[in-house]
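Geometric and topological summary
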Amino acid sequence: MDTPSGTIIFTTVGRTHYGFDVFSLHIASSVERRLTDGVSVNFNAQFADDNGNDIVFVSERAGSARIFRSRPGNSKPEQLPGAPESFFHDRPIITQDNTLYFISAHEQPDRHFKNWTALYSVNPNSQGKEVTRVTPPDTADFSPAVSKSGKYFAVASYGSRSWGGEFHEINTDIVVFKPSEPEKRVVVCDRGGWPTWSGDSTVFFHRQADDGWWSIYQFDIPENLNLSPVEPVRVTPPGLHCFTPAAFHDGKQIAVATRRRGVNHRHIKIFHLEHKTFQAVTEPLNPSFHHYNPFVSANSEFLGYHRFRGESTQGESTVPNLESIVSPIKTLRLLRLNGSFPSSSPDGDLIALNSDFDINGGIKVARSDGSKRWTLIKDRTAFYNSWSPTERHVIYASLGPIFRPAGIAVQIARIQFSPSDLTADREEVPCEVKFLTLDNTGNNAFPSCSPDGKSVVFRSGRSGHKNLYILDAVNGESEGGEGIRRLTEGPWIDTMPCWSPKGDLIGFSSNRHDPSNDAAFGAYVVRPDGSGLRRIEIAGPEGSEEAARERVNHVSFNKDGDWIVFTANLGGITAEPVAIPNQFQPYGDLYVVKLDGTGLRRLTWNGYEDGTPTWHTVDDLGLSGLSLNGQDGDKLEGQFEEPLWITCDI
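Residues numbered from 1 in each chain as written. Predicted model: local features only at pLDDT ≥ 70, side-chain atom pairs only at ≥ 80, totals over all residues. Heavy atoms only, no water.

In the annotation of an unreviewed UniProt entry, the protein chain is listed under the name Dipeptidylpeptidase IV N-terminal domain-containing protein and assigned to Brassica carinata.

1. Concerning the overall build of the protein chain
Rule in force here: Labels follow the DSSP assignment, with helices taken as runs of H or I lasting at least four residues and strands as runs of E lasting at least two, numbered in each case from the N terminus. Here the globule rule is a power law, 2.2 Å times the number of residues to the power 0.38, and the radius of gyration is based on C-alpha atoms. Only protein chains enter the accessibility calculation, which uses a 1.4 Å probe; a residue whose area is less than 20% of its type maximum is buried, one above 50% is exposed, and one in between is partly exposed. Contact criterion: two residues are considered in contact whenever any of their non-hydrogen atoms come within 4.5 Å of each other. Calculation of accessible area relied on Shrake-Rupley with a 1.4 Å probe; when residues are assessed, cover is drawn exclusively from the protein chains displayed.
The helix and strand tally for the protein chain stands at 1 helix and 48 strands. Computed over the C-alpha atoms, the radius of gyration of the protein chain is 26 Å, within 12% of the 26 Å expected from 2.2 N^0.38 for a compact globule of 650 residues. With respect to the principal axes defined by its C-alpha atoms, the protein chain has extents near 80 × 55 × 55 Å. Within the protein chain, the fraction of its 650 residues that count as buried is 60%. At a minimum sequence separation of 6, the contacts of the protein chain that also span at least 24 residues come to 52%. Of the roughly 24900 Å² of accessible surface on the protein chain, a fraction of 46% belongs to carbon and sulfur atoms.

2. Considerations on the nonpolar core
Counted only if it meets this: To form a nonpolar core, buried Ala, Val, Leu, Ile, Met, Phe, Trp, Tyr and Cys residues must be joined to one another through side-chain atoms within 4.5 Å.
If you look at the biggest cluster of nonpolar residues, it comprises 27 residues, and the most contacted ones within it are Ala255, Leu303 and Ile573. For this core, the secondary structure elements donating two or more residues are β2 (20-26), β12 (140-146), β13 (153-159), β20 (240-247), β21 (253-260), β22 (267-272) and β25 (302-308). In terms of nonpolar packing, the next biggest core, distinct from the first, is built from 23 residues, Tyr18, Ala65, Phe87 and Trp605 among them.

3. So, the UniProt feature "domain: Dipeptidylpeptidase IV N-terminal" (unreviewed entry) in the protein chain
We apply this condition: UniProt positions are given in the numbering used here, feature names are shortened, and annotations may be inferred rather than shown by experiment.
Mapped onto this numbering, the UniProt entry annotates "domain: Dipeptidylpeptidase IV N-terminal" (unreviewed entry) at residues 9-156. End C-alpha to end C-alpha, residues 9-156 measures 34 Å, and it is 0% helix and 42% strand.

4. What about the sheet that holds strand β33 (residues 394-399)?
Defined as follows: Between any two strands, at least two bridges found by DSSP are needed for them to pair. An axis is simply a line fitted to the C-alpha atoms; with a helix, the fit covers only the stretch in contact. Between two such axes, the angle follows the N-to-C directions and lies from 0 to 180 degrees.
Overall, antiparallel pairing links the 4 strands, which are arranged β32-β33-β34-β35 in an open sheet. This sheet does not close on itself; its edge strands, each paired only once, are β32 (382-387) and β35 (431-435). For this sheet the average axis-to-axis angle between neighbouring strands, irrespective of direction, equals 30 degrees.

5. Quick look at the sheet that holds strand β23 (residues 277-280)
Reading across the sheet, the 4 strands line up as β20-β21-β22-β23 and stay open at both edges, with antiparallel pairing between neighbours. If you trace the sheet from one side to the other, it starts and ends with β20 and β23, each paired once. Strand-to-strand twist in this sheet, taken as the mean axis angle between neighbours without regard to direction, amounts to 40 degrees.

6. Points about the pairing of strand β42 (residues 522-526)
Buried residues dominate β42, accounting for 5 of its 5 residues. Covered by surrounding structure in β42 are Gly522, Tyr524 and Val526 together with Ala523 and Val525, the residues of both alternating faces. Sheet analysis places strand β41 (residues 506-510) next to β42, joined by 5 bridges and oriented antiparallel. Paired with Phe508 across the strands is Tyr524, a residue of β42. Where β42 lies against strand β43 (residues 534-535), 2 bridges are found, and the strand directions are antiparallel. When the sheet's bridge partners are listed, Val525 is paired in β43 with Arg534.

7. Looking at the environment of Arg485
As a reminder of what qualifies: By the criterion applied in these results, polar contacts are pairs of N or O atoms within 3.5 Å in which, for protein atoms, one can donate a hydrogen and the other can accept it, and in which residues neighboring in sequence qualify only through two side-chain atoms.
For Arg485, the position within the fold is in strand β39 (residues 484-486). A C-alpha to C-alpha distance of 54 Å links Arg485 and Cys242, two positions 243 residues apart in sequence. If near-sequence neighbours (up to four positions away) are discounted, Arg485 is found in contact with Tyr469, Ile470, Pro528 and Asp529. Of the polar contacts made by the side chain of Arg485, one reaches the backbone oxygen of Pro528; its length is 2.8 Å.

8. Re the packing of aromatic side chains
A ring pair, where both rings are aromatic, is described by two values, the distance of the centres and the angle of the planes. Convention followed: Classification of ring pairs rests on two measures: the distance between centres of Phe, Tyr or Trp rings, Trp counted by its six-membered ring, which must be within 6.5 Å, and the angle between planes, read as stacked under 30 degrees, edge-to-face over 60 and tilted in between. Whether a charge sits over a ring comes down to the Lys NZ or Arg CZ being within 6 Å of the ring centre and within 35 degrees of the ring normal.
For the structure shown, the criterion picks out 31 aromatic pairs. With centroids separated by 5.9 Å and ring planes inclined at 50 degrees, the aromatic side chains of Phe142 and Tyr158 adopt a geometry described as tilted. On the criterion of sequence distance, the pair formed by Phe142 in strand β12 and Tyr158 in strand β13 is long-range, its members being 16 residues apart. For the pair Trp214 and Phe243, a centre-to-centre distance of 6.2 Å together with 75 degrees between the ring planes defines the contact as edge-to-face. Separated by 29 residues along the polypeptide, Trp214 in strand β18 (residues 214-220) and Phe243 in strand β20 bring together distant segments of the chain. Both residues of the pair, Trp214 and Phe243, count as buried. Following the ring pairs from residue to residue traces out a cluster consisting of Tyr18, Phe20, Tyr292, Tyr608 and Phe640. Over the face of the ring belonging to Tyr217 we find Arg207, whose NZ or CZ atom lies 4.7 Å from the ring centre.

9. Things to note about the environment of Glu223
Residue placement: Glu223 occurs in the loop between β18 and β19 (233-234). Separated by 22 residues in sequence, Glu223 and Ser201 place their C-alpha atoms 8.8 Å apart.

What follows is the structure, given as structure tokens:
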């Protein structure tokens with residue numbers, strides 16, 4: 001098979017709960033207006049007029065990040081032309097000559113671990129709507145900004161460097177160029193992100209200062225752009241974090257997103273440069289909402305940002321159980337799940353999932369069309385589900401805390417229920433839980449059932465190292481050592497196993513090639529008898545620098561057992577992580593590859609962490625049957641976290 005087929009179900013950290021809309025605030029009156037329509041998520045806008053009404057913004061309403069324009073009098077936003085082959089657009093700008101500039105990530109770099117993002121332009125009114133790459137070849141750019149007259153552009157750029165694995169503060173420099181001569185680029189300042197212009201000569205940007213506080217810096221553009229990089233001046237004080245600046249063209253003030261001690265939410269403030277004082281903007285209006293990425297109108301009268309739309313406003317108010325995502329492979333369908341670790345029933349009509357990993361955790365079962373969901377286990381941490389391929393009423397799962405050391409108690413459980421209890425009038429379904437692993441055997445997790453339903457492969461820390469074991473799927477292990485056997489052994493981590501539908505192979509992730517590095521995971525396969533263990537060479541041959549950098553997890557086989565889907569760090573970063581809610585691994589995107597390491601294809605592009613993919617047991621679920629509204633989905637309440645690595649305890 002040259003291209004994979006079927007349906008892949010996966011999760012995206014936090015994304016289903018964002019509920020972002022774009023808002024405009026008239027600064028003098030503090031009157032806030034919503035400028036987008038409450039459909040999907042809408043973010044990273046810029047004004048296209050002076051009246052605070054007309055904006056260009058990014059929306060994911062079409063199943064990927066596309067560019068839209070919202071104007072007064074229009075009943076719904078207008079989709080603007082972008083790169084036709086792109087599944088990721090970001091940071092749109094419309095200049096005075098009506099040219100649309102935007103970031104896209106559709107052109108693959110010359111090697112792995114290089115960021116795909118680049119700046120492009122298009123004239124929305126031209127006949128051919130031809131898209132032009134502004135960023136030079138072999139270069140990665142983020143976060144574009146245009147000066148007041150349109151004379152200059154600034155970007156945060158990696159240049160031709162590869163991504164170094166960092167994501168708290170990405171390794172970009174501030175680069176300036178004229179749009180008429182984009183190839184004549186000048187690094188005007190080392191180390192910085194998210195540039196913004198005041199007039200045509202002053203640039204502000206953010207970086208993390210040596211004292212630990214994210215701060216805004218300023219520099220003036222020299223008359224001769226060919227001069228050496230300038231030393232910027234720090235303009236915001238320590239004691240609070242300031243990021244994603246938007247400068248006013250009067251040269252007197254900048255809008256910034258802030259985090260500070262004693263306040264749990266990100267808020268927009270206006271910083272007055274002369275008096276070095278902050279003016280609260282969003283906290284008096286919406287103290288309990290996060291506000292992101294401010295932007296300012298050319299006449300300095302309006303300030304914009306995006307935030308959770310709120311429960312009282314019109315728009316989508318329910319999180320769909322399943323959401324269709326545009327796939328780059330026509331024969332392959334992608335569905336985003338509101339939950340993690342999906343596993344489908346033998347006939348494909350049901351999906352087991354975990355809704356959370358804290359005290360609100362547990363196991364739920366949803367219809368594969370997203371129309372209904374039931375709770376099997378609640379108020380108990382559970383993760384990594386595996387539906388028995390031979391028993392419609394049996395699901396295997398890990399019960400206990402996730403991502404903990406080898407000695408922490410986690411158990412493999414066999415969970416039985418009656419499918420006849422899955423009725424429309426029920427919310428909860430009774431079940432029986434049987435532990436297959438013994439007490440005091442450490443961290444037992446990530447079960448995967450064999451195709452014949454007789455065995456379960458799982459990861460255990462019982463030896464002091466996390467290796468793979470195979471367990472009797474019905475009776476479990478006994479005190480005498482019966483019902484269990486070891487599959488792998490060594491002072492490394494073998495984890496997240498997945499049994500091939502044909503039963504001949506078990507796929508898993510491991511750092512056995514570099515045991516001292518708990519971030520270096522490759523994809524491996526082994527036969528159930530322990531023979532034939534080998535690594536699937538994805539980024540490069542065994543022993544190469546590229547192979548050493550792989551972080552490959554969540555391996556899952558397709559129905560025929562000749563392809564795997566997985567999440568990996570091969571494509572670097574797609575957006576500045578400080579500008580979005582918390583993502584544990586924002587470089588995590590989905591890929592597919594054949595078992596011989598050929599045919600590698602990237603499936604997702606975004607600033608989020610995509611993970612826990614699984615191939616559905618039915619090749620085609622049928623889009624016409626998907627209930628995108630998810631009648632009993634979670635209430636959309638804007639429950640997501642700020643980046644956990646941003647701390648005010650400095």
